[in-house]
Amino acid sequence: MTYQPLKGQKALVTGASSGIGAGVAMALAAAGADVVVNYASSAAGAEKVVGQITALGRKALAIKADVSREDEVGAMFKQMFAAWGTLDILVNNAGLQQDSAFVDMTLEQWNKVIGINLTGMFLCSSLAVKEFIRRGINAEVSRAAGKIICMSSVHEVIPWAGHVNYAASKGGVKLLMQSLAQELAPQKIRINSVAPGAIQTPINRAAWETPEALSSLLTLIPYGRIGLPEDIGKAVVWLASDDSDYVSGQTLFVDGGMTLYPEFARGG
Ligand code: NAD
């Protein structure tokens, strides 16, 4: 029997029909949680993840919602509570890029990225926190009244030319997460972030799909390999479990050393 620190807990993972979100949903289920698999458009992707979770003997439910829309987020939480009654773990994972040189960036590109990557976290966290406060601690499953894990990025600290909307959204996630953690710690709600480096998913396909692109990417990663969704899943399970009960307001960088200024290893 594998270690199941999340046994009996209910989790919601946004943007869980692909990439990191799918890996996180699977890791939470393997650790004992039942998981709501939120998706924006790929019902087939979400149903595949639901199938993999139920094959592990856990419950899973796919729910469609655009996290940047208050009405759709509200309907998703309503459906989740109707099915499962409560929530213990929220993983704010949904995110996207709309890249452009700054001089050509449109307000639409700016608003889209901020709306999903940052406002989406506000909307989902708001409803999760209301439920954590209503229910309080269920000591049978956790020492905390609730846990939120935000999917940030190394770009919460590394500036990124050609991606100012994305970097601004992740910089915003950093202080959203820390301010929420400060405000809600007295209610025994823990909020933390995971900041992935380069993880092999659809969002950054151009950076790994040819040998030339991969070799250029690897110059930025001291540990010498691209990350996988399961690398992130393991970090999220730890932050969601009581093994990290004294950890709040932190960003855990899971990046193979990308934030270690790798160019300085060759001089400076
Ligand atoms: P991905 O494109 O596979 O996953 C993003 C998911 O978000 C998709 O399933 C997509 O459908 C969903 N999504 C997009 N808009 C949505 C909306 N409005 N409502 C609900 N869901 C929506 O890419 P990924 O790499 O798995 O990205 C997941 C998260 O990890 C993102 O927040 C991303 O910024 C972050 N991240 C990824 C990397 C990486 O190297 N892959 C690095 C750092 C951070």
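Residues numbered from 1 in each chain as written. Predicted model: local features only at pLDDT ≥ 70, side-chain atom pairs only at ≥ 80, totals over all residues. Heavy atoms only, no water.

Q: Tell me about the side chain of Asn92, and name the residues and values.
A: Relative to the helices and strands, Asn92 resides in strand β4 (residues 89-92). Of the polar contacts made by the side chain of Asn92, one reaches the side chain of Ser125; its length is 3.0 Å. Those residues in contact with Asn92 that sit more than four places away from it in its chain are Thr14, Gly120, Met121, Cys124, Ser125, Ile148, Ile149, Cys150 and Met151. (Helix = DSSP H or I, 4+ residues; strand = E, 2+ residues; numbered from the N terminus. Polar contact = N/O pair within 3.5 Å; in protein donor to acceptor, adjacent residues only side chain to side chain. Contact = heavy atoms within 4.5 Å.)

Q: Help me get a handle on the sheet that holds strand β6 (residues 189-196), residues and values and all.
A: On the basis of which strands lie adjacent, the open sheet formed by seven strands has the order β3-β2-β1-β4-β5-β6-β7 and parallel pairing. Every interior strand has two partners, whereas the edge strands, β3 (60-64) and β7 (251-254), have only one. Averaged over all pairs of adjacent strands, the angle between their axes in this sheet comes to 20 degrees, without regard to strand direction. Of the strand pairs in this sheet, β6 and β7 are connected by four bridges, and their pairing is parallel. Pairing of Ala195 across the sheet is with Phe253, part of β7. The strands touched by helix α5 (residues 164-184) within the sheet are β5 (146-151), β6 and β7, with β6 carrying the most contacts at an inclination of about 160 degrees. (Pairing = 2+ DSSP bridges. Axes fitted to C-alpha atoms, helices over the stretch in contact; angles between N-to-C directions.)

Q: For the packing of aromatic side chains, give the residues involved together with the corresponding values.
A: Evaluation of the coordinates by the stated rule reveals three aromatic pairs. The interplanar angle of 65 degrees and the centroid separation of 5.9 Å between the aromatic rings of Phe77 and Phe81 together place this pair among those described as edge-to-face. Taken as a pair, Phe77 and Phe81 lie in helix α3 (residues 70-84) at a separation of four residues, close to a single helical turn. With a centroid separation of 5.6 Å and 70 degrees between ring planes, the pair formed by Trp160 and Tyr166 is classed as edge-to-face. Trp160 gets classed as partly exposed once you look at its relative accessible area, which sits at 27%. The exposure class of Tyr166 is buried, given its relative accessible area of 9%. (Phe/Tyr/Trp six-rings, centres within 6.5 Å; stacked < 30°, edge-to-face > 60°. Buried < 20%, exposed > 50% of the residue type's maximum accessible area, 1.4 Å probe, protein only.)

Q: Account for the layout of surface pockets, naming residues and giving values.
A: Considering only enclosed or pocket space, the second largest pocket measures out at about 170 Å³ in volume. Around the second largest pocket, the lining residues are Tyr3, Pro5, Ala27, Ala30, Ala31, Glu230, Lys234, Val237, Trp238, Ser241 and Asp243. If you list the elements that add at least two residues to the lining of the second largest pocket, you get α1 (19-30) and α7 (229-240). The element best represented in the lining of the second largest pocket is α7, accounting for four residues. Considering only residue class, the lining of the second largest pocket consists of seven nonpolar, one polar and three charged. (1 Å grid on protein atoms, 1.4 Å probe; cavity = no way out; pocket = protein on both sides within 12 Å on 5 of 7 lines; lining within 4 Å. Points joined across faces, edges and corners; volume = space filled by probe spheres on them. Nonpolar A, V, L, I, M, F, W, Y, C, P; charged D, E, K, R; others polar.)

Q: Which residues make up the pairing of strand β1 (residues 10-13), and what values go with them?
A: What you see with β1 is no split at all: Lys10 and Leu12 on one side and Ala11 and Val13 on the other are buried throughout. Across four bridges, the pairing between β1 and strand β2 (residues 34-39) is parallel. From the neighbouring strand, Ala11 faces β2, where its bridge partner is Val35. Following the chain from β1 across α1 to the adjacent parallel β2, one finds a crossover that is right-handed. (Right-handed = clockwise from strand over helix to strand, strands pointing away.)

Q: Outline empty space enclosed by the protein, supporting the account with residue identities and numerical values.
A: All told, the structure shown has one cavity of 30 Å³ or more when counted by the stated rule. The computed volume of the largest cavity comes to approximately 40 Å³. Taken together, Thr14, Val67, Asn92, Asn93, Ala94, Ile116, Gly120, Met121 and Cys124 make up the lining of the largest cavity. The element best represented in the lining of the largest cavity is helix α4 (residues 107-135), accounting for four residues. Residues that form the lining of the largest cavity fall into these classes: five nonpolar, four polar and no charged.

Q: I'd like a description of the site of the ligand, backed by residues and values.
A: In the neighbourhood of the ligand, 27 residues make up the surrounding shell, with Ile20, Asn93, Tyr166, Ile199 and Thr201 lying closest. Ile199 is positioned such that a nitrogen or oxygen atom in its backbone is 2.8 Å from an oxygen atom of the ligand. Here Asn204 contributes a side-chain N or O atom positioned 3.0 Å from an oxygen atom of the ligand. Within the complex, the protein chains bury 91% of what would otherwise be the 820 Å² of accessible surface of the ligand. For the shell around the ligand, the elements supplying multiple residues, two or more each, are α1 and α5. Split by residue class, the shell around the ligand holds 13 nonpolar, twelve polar and two charged. (Near = heavy atom within 4 Å. Areas by Shrake-Rupley, 256 points an atom, 1.4 Å probe, with all protein chains shown as cover.)

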